[in-house]
There are 2 protein chains.
Amino acid sequence: MWKPDRSVKKPIYQQIADYIERRITFGEFPPGSSLPSERKLADSLGVNRSTVILAYEELRASGIIESAKGSGTRVTRHKWGITPKQTPNWKTYVEGGTFLPNLPFIRRIREELRIAPGAIDFASGELSTDLFPNDIIRELLQTKSFQEDLGYDDPQGYSPLRETLVRFLETQLHIQSTESSILITSGSQQSLYLITQCLLSPGDAVAIEDPSYCYSLPMFQSAGLRLFRLPVDDEGMNPDDIIALHRQHRIRMLFLNPNFQNPTGSVLSLERKTRLLSIASELGIPIVEDDPFTLTSFEGTPPPTLKSLDKTGNVLYIGSLSKIAASGLRIGWLIAPQAVVSRLTDARQQMDFGLSRIPQWVANHFIAGGHFENQIHLLRKSLKLKRDSLMSGLHDIMGDSVSFMEPQGGLNIWCKFNREVDDFKLLDEAIKRGVLFVPGSVYGSDQGHMRVSFARPRQDEIRQGLAQLYEALQEHK
Amino acid sequence: MWKPDRSVKKPIYQQIADYIERRITFGEFPPGSSLPSERKLADSLGVNRSTVILAYEELRASGIIESAKGSGTRVTRHKWGITPKQTPNWKTYVEGGTFLPNLPFIRRIREELRIAPGAIDFASGELSTDLFPNDIIRELLQTKSFQEDLGYDDPQGYSPLRETLVRFLETQLHIQSTESSILITSGSQQSLYLITQCLLSPGDAVAIEDPSYCYSLPMFQSAGLRLFRLPVDDEGMNPDDIIALHRQHRIRMLFLNPNFQNPTGSVLSLERKTRLLSIASELGIPIVEDDPFTLTSFEGTPPPTLKSLDKTGNVLYIGSLSKIAASGLRIGWLIAPQAVVSRLTDARQQMDFGLSRIPQWVANHFIAGGHFENQIHLLRKSLKLKRDSLMSGLHDIMGDSVSFMEPQGGLNIWCKFNREVDDFKLLDEAIKRGVLFVPGSVYGSDQGHMRVSFARPRQDEIRQGLAQLYEALQEHK
């Protein structure tokens, strides 16, 4: 990103004014459009607010921009010799569209991470950089010769990777599949998106866990779906709840994250899994099993997936490398009946014409080359250590303020505040103190919860972050 | 893909029966679902139809599948001890969804390319493998050390690539931009998709060229847009047509491919470009400039893009490496006002969580390392030779049957048949003879046209392909 150059003679404010003028001239800020607030621009350029004020002053003086009380700073129109009617009203365009923007909380957190990369990040459900197999990937790229075709890939995904995944899923998770039943996607996110766009119609009723990561995804609302909730306890959701919901609303699909559920960390018990499969099959309702975490299982044999227990092809299974190797590979997979795979493959072609073969080729070498076992072994050990640090930190620092369950896998601890808390205010106070978490309401739960991820912050940041969080909580009283 | 193993003792039909049974057991073909037709399965496995008939016979005998006259072969239900009610009716799911499937013609052509990879391909608008910079990419991967973070990328795309593109676009196309006005996308396709999903609402009127590549994209219909046509002649569309259309329908956006238009190859004249920009600005209508081909310009200076002439930020510019370097990199870009870039970036995160950094890092080294100039030089030379071969072939072989204009860039020749032709029947006859093209009606034109791409077939295939095509045309009388 452009930053002012402190080594040259031209004053910083002047550099900024020139930079903004250039962006205006290039059409990045068309006549009539809003400029970033002084604070925001100052933060993103790493300068004092007063410098930005000077820069804006300069541009105002030359008639390029104008400010009005309450409506911020805008690019003037008259300067360009055109009337307000003569440019598109971009505001109405960006506020239109059937696809809804992300939740304000999510956008706020993302923006904060962008402008304050030093914040202690309990919000991102992502591994820290040191947990990625960086060295292995670098070595793969250099030692394996890329001999693949650089044309469009097979629309269902790179065939050798799908073959490798068949063996991987069988060995690691006892899931049986063939390469023709697998669609390679840009992470789990794309699988979920394709399902909501292609298999469900506006007005369809679907059931999700409460709380649920799905609740944080506007894609469900964008697709016009009606969401019904299946409350989660220590053993996951209760399959019998589906019966009444279905009788009343004709549930068309279930979206579940049975193992180390996001955000609660709970595992659907084997008994409930069996019962769930039987009820869903009885009622003819497909289950989407979102399974990012099973292989993170900190100790012993990971819990079985629904897919491995499914006898009737009711389960659409979604997995990915994002939480167990590296999110930046953007490699996920969907296992589904042939008719579903064909439909989704066709739609994905229309949306983005498929994935680049290069990261798929990397993922294939990574898994087929036997690197995964080592990666997952180290990852489990590190995640367990981080979970332990977070738990003892929560205990020591937050004390009676929060209660939580010990997760046996995944990346999150789900905390309940032992008194009333206003999500918005608490996040605000936390941001002021340089620490981030995700408020519980993002996942559709009542206020008074937070999701604290232990995967992203470094070990040595965890206690400091919690202290800042505790301060925020105290302030918020 | 799985193929029967001819080196083992087990008979081929038995291997196929076992393979199908395995797929049924794994849920790939759930109880009640349709199996591929005998012909289709035989084609895709590379065996005789009689072998598949034997395999299906075997499965029918064991009660796993059943056939009914006229409704093909299905997986039986009773075998699995469940009643029809007890599994999801996948057919209703895959036929639902707001996102529409590809046009039957397109699916037919894709399927044919998949099962008969030896066909001579005048249909794909893609470069042949030898035109990709294969050696350079392979060398880049091995010699440059990948030191990038393997986490989620910047939602707007890899920052060094955006900075490189600013210089690239300035040097190659006189387009001025800053890295903050660029969104890296999975090819042009994703830019178009994001625009239709996020900036337009169902019922909005948009205008496209007639004929137009856009017409072949069901995403416009999926988004509920009303499409109006701007007929194209030798100098492109006529800007004055917009005025009447707008008066009647309130046009919200224009989707145009001004240089070497797909499918006609025509170039919007400079005079019309200027007039277009003035009318669009006057009426406040944004223009989406889809620009995959400008840099393929066979001789002399490429024609100017609209974006380089745009003074009011009216133009959303879409480019990509697909047609000028390699489609399999899946690297495209959108240049747009800040408000639009933010909106689309947010939506893309929800759809697929952004692109992998690896191909972006490759693309950056490819462009910044000065490899592009050499690539485009060789590409122009090869494309011109192929165009010449196709033109002389059309002249010698098809003679008076077709007329066409000589394209000065791009990948296609747009042919008009000099008599009535039934698109569907002609394609059918062509497929029988192992040659593929895209019928004109796919692009919204009247019957009696075809798009013949010269980029994909090898030089030595072109005349043979045309002979087969001519045979098909004769047969179709």
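Basis of the calculations
- Residues numbered from 1 in each chain as written.
- Chains lettered and ligands numbered in written order.
- Predicted model: local features only at pLDDT ≥ 70, side-chain atom pairs only at ≥ 80, totals over all residues.
- Heavy atoms only, no water.
- UniProt positions renumbered as here; feature names shortened; annotations may be inferred.
- Helix = DSSP H or I, 4+ residues; strand = E, 2+ residues; numbered from the N terminus.
- Rg over C-alpha atoms; globule rule 2.2 N^0.38 Å.
- Buried < 20%, exposed > 50% of the residue type's maximum accessible area, 1.4 Å probe, protein only.
- Contact = heavy atoms within 4.5 Å.
- Lys, Arg positive; Asp, Glu negative; His and termini not counted.
- Charge placed at Lys NZ, Arg CZ, Asp CG, Glu CD.
- Polar contact = N/O pair within 3.5 Å; in protein donor to acceptor, adjacent residues only side chain to side chain.
- Pairing = 2+ DSSP bridges.
- Axes fitted to C-alpha atoms, helices over the stretch in contact; angles between N-to-C directions.
- 1 Å grid on protein atoms, 1.4 Å probe; cavity = no way out; pocket = protein on both sides within 12 Å on 5 of 7 lines; lining within 4 Å.
- Points joined across faces, edges and corners; volume = space filled by probe spheres on them.
- Nonpolar A, V, L, I, M, F, W, Y, C, P; charged D, E, K, R; others polar.
- Core = buried A, V, L, I, M, F, W, Y, C linked by side-chain atoms within 4.5 Å.
- Phe/Tyr/Trp six-rings, centres within 6.5 Å; stacked < 30°, edge-to-face > 60°.
- Least-squares fit on C-alpha atoms with pLDDT ≥ 70 in both.
- Salt bridge = Lys/Arg side-chain N within 4 Å of Asp/Glu carboxyl O.
- Buried area = accessible area lost by both parts, 1.4 Å probe.
- Expected span 1.5 Å × (residues − 1).

Where an unreviewed UniProt entry is consulted, chain A appears under the name Aminotransferase class I/II-fold pyridoxal phosphate-dependent enzyme, with the organism given as Paenibacillus silvestris. In its Cofactor (unreviewed entry) section, the UniProt entry covering chain A states "pyridoxal 5'-phosphate".

It is worth spelling out the overall build of chain A at this point. When helices and strands are tallied, chain A shows 17 helices and 16 strands. Against the globule reference of 23 Å for 477 residues, chain A gives a C-alpha radius of gyration of 25 Å, in line with a compact fold. With respect to the principal axes defined by its C-alpha atoms, chain A has extents near 75 × 60 × 55 Å. Every one of the 477 residues in chain A was classed for burial, and the buried ones make up 62%. Intrachain contacts of chain A at a sequence separation of at least 6 include 73% that bridge at least 24 residues. When the 54 basic and 56 acidic side-chain charges of chain A are each reduced to a single mean position, those positions are 5 Å apart.

Moving on: the environment of A:Ser186. In this structure, A:Ser186 sits in the loop between β4 (182-185) and α8 (187-198). The sequence separation of A:Ser186 and A:Ser327 amounts to 141 residues, and the corresponding C-alpha distance is 9.7 Å. Setting aside residues up to four positions removed in sequence, A:Ser186 forms contacts with A:Arg330, A:Arg348, A:Leu355, B:Asp352 and B:Gly354. At 2.9 Å, the side chain of A:Ser186 forms a polar contact with the backbone oxygen of B:Asp352.

Residues and elements named next belong to chain B. With antiparallel pairing, four strands are arranged side by side in an open sheet as β12-β13-β16-β15. Lying at the two open borders of the sheet, with one neighbouring strand each, are β12 (402-404) and β15 (438-439). The pairing of β12 with strand β13 (residues 412-417) spans three bridges and is classified as antiparallel. For Phe 404, the partnering residue across the bridge sits in β13 and is Cys 415. Sheet contacts for helix α15 (residues 371-398): β12, β13 and β16 (449-453); angle to β13, the most-contacted strand, approximately 15°.

Glancing now at empty space enclosed by the protein. To find leftover empty space, a probe the size of one water molecule is rolled over the atoms. Counted according to the given criterion, the structure contains nine cavities of 30 Å³ or more. As a volume, the largest cavity reaches approximately 160 Å³. Taken together, 20 residues make up the lining of the largest cavity; nearest its centre are A:Arg330, A:Leu355, A:Ser356, B:Leu355 and B:Ser356. Here the lining of the largest cavity is built from residues that sort into eight nonpolar, eight polar and four charged. Size it by volume and the second largest cavity reaches roughly 80 Å³. The wall of the second largest cavity is formed by B:Phe168, B:Leu173, B:Asp291, B:Pro292, B:Phe293, B:Thr294, B:Leu295, B:Tyr317, B:Gly319, B:Ser320, B:Ile324 and B:Trp333. Counting residues per element, the ones that place at least two in the lining of the second largest cavity are α7 (159-173) and β10 (315-320) of chain B. No other element matches the three residues that β10(B) contributes to the lining of the second largest cavity.

For soluble globular proteins, nonpolar side chains are generally found buried alongside one another. Of all hydrophobic cores here, the largest spans 158 residues; its most connected members are A:Phe122, A:Leu169 and B:Leu169. Ignoring anything within four residues of it in the chain, the contact list for A:Leu169 reads A:His174, A:Ile175, A:Ser177, A:Ile182, A:Tyr317, A:Trp333 and A:Ile335. Core analysis: the next-biggest nonpolar cluster, separate from the first, contains 64 residues, A:Ile195, A:Met351, B:Ile195 and B:Val341 among them.

With that out of the way, let us pick up the packing of aromatic side chains. Residue and element names in this part refer to chain B. Inspection of the entire model under this criterion finds 24 aromatic pairs over all chains. When the centroid spacing of 4.0 Å and the interplanar angle of 10° are considered together, the rings of Trp 2 and Tyr 19 count as stacked. Linking Trp 2 in the segment before α1 (12-25) with Tyr 19 in helix α1, this pair joins segments that are 17 residues apart in sequence. You can call Trp 2 partly exposed: its relative accessible area is 21%.

Moving on, we come to the relation of the copies chain B and chain A. Two copies of a chain can be linked by a rotation about an axis combined with a shift along that same axis. Once chain B has been moved 0.0 Å along the axis and rotated by 180°, it coincides with chain A to within an RMSD of 0.1 Å. As the rotation angle and translation indicate, the two copies are arranged about a two-fold axis. Closest to the rotation axis within chain B is the C-alpha of B:Gln142, separated from it by 2.1 Å.

Moving on, we come to the sheet that holds strand β11 (residues 332-335) of chain B. Residues and elements named next belong to chain B. Strand order in this open sheet of eight strands is β4-β11-β10-β9-β8-β5-β6-β7, and the pairing throughout is mixed. The sheet terminates laterally at β4 (182-185) and β7 (236-237), the two strands that pair on one side only. Where β4 and β11 come together, four bridges link them in antiparallel fashion. Of the residues in β11, the one forming a bridge with Ile 182 is Ile 335.

Another point: the pattern of salt bridges. Tallying each qualifying case throughout the model produces 58 salt bridges over all chains. Ionic pairing is found between B:Lys10 and B:Asp18, a salt bridge with its closest N-O pair at 2.5 Å. Residue classification places B:Lys10 among the partly exposed positions, given a relative accessible area of 40%. By relative accessible area, which is 24% here, B:Asp18 ends up partly exposed. Ionic pairing is found between B:Asp396 and B:Arg463, a salt bridge with its closest N-O pair at 2.8 Å. Pair noted here: B:Asp396 is in helix α15 and B:Arg463 is in helix α17 (residues 459-475), with a separation of 67 residues, a long-range link. You can call B:Arg463 partly exposed: its relative accessible area is 39%. Where salt bridges share partners, they join A:Glu429, A:Lys432, A:Arg433, A:Glu471 and A:Glu475 into one cluster.

Contact residues are listed per partner, giving 108 residues for chain B and 108 residues for chain A. Buried surface at the junction of chain B and chain A, summed over both partners, amounts to about 9100 Å²; 54% is from carbon and sulfur atoms. Our enumeration of links across chain B and chain A arrives at zero salt bridges. Among the elements that take part in the side of chain B that touches chain A, helix α13 (residues 338-352) of chain B stands out by supplying ten residues, more than any other. Here the residues of the side of chain B that touches chain A are counted per class, giving 48 nonpolar, 39 polar and 21 charged.

Each α-helix winds once per 3.6 residues, and so residues spaced three or four apart point in a common direction. All names here are of chain B. In this model helix α11 (residues 270-283) runs 20 Å from its N-terminal to its C-terminal C-alpha over 14 residues, within 8% of the 20 Å that 1.5 Å per residue would give. All of the buried residues in α11 are Arg 272, Lys 273, Leu 276, Leu 277, Ile 279, Ala 280 and Ser 281. Count one or two residues on from α11 and you reach Gly 284, which has phi positive near 70°.

Further remarks concern unusual backbone geometry. Cis rather than trans, the peptide bond between A:Asn262 and A:Pro263 has omega equal to 15°. Residue placement: A:Pro263 occurs in the loop between β8 (251-256) and α11 (270-283). In this structure, A:His174 takes a positive phi of about 55° despite not being glycine. Along the chain, A:His174 falls in the loop between α7 (159-173) and β4. Look at A:His174 and you get exposed, because its relative accessible area is 57%. At B:Arg330, a residue that is not glycine, the phi angle is positive and equals roughly 55°. With respect to the helices, strands and loops of the structure, B:Arg330 is situated in the loop between β10 and β11. Classification of B:Arg330 by relative accessible area gives buried; the value is 3%.

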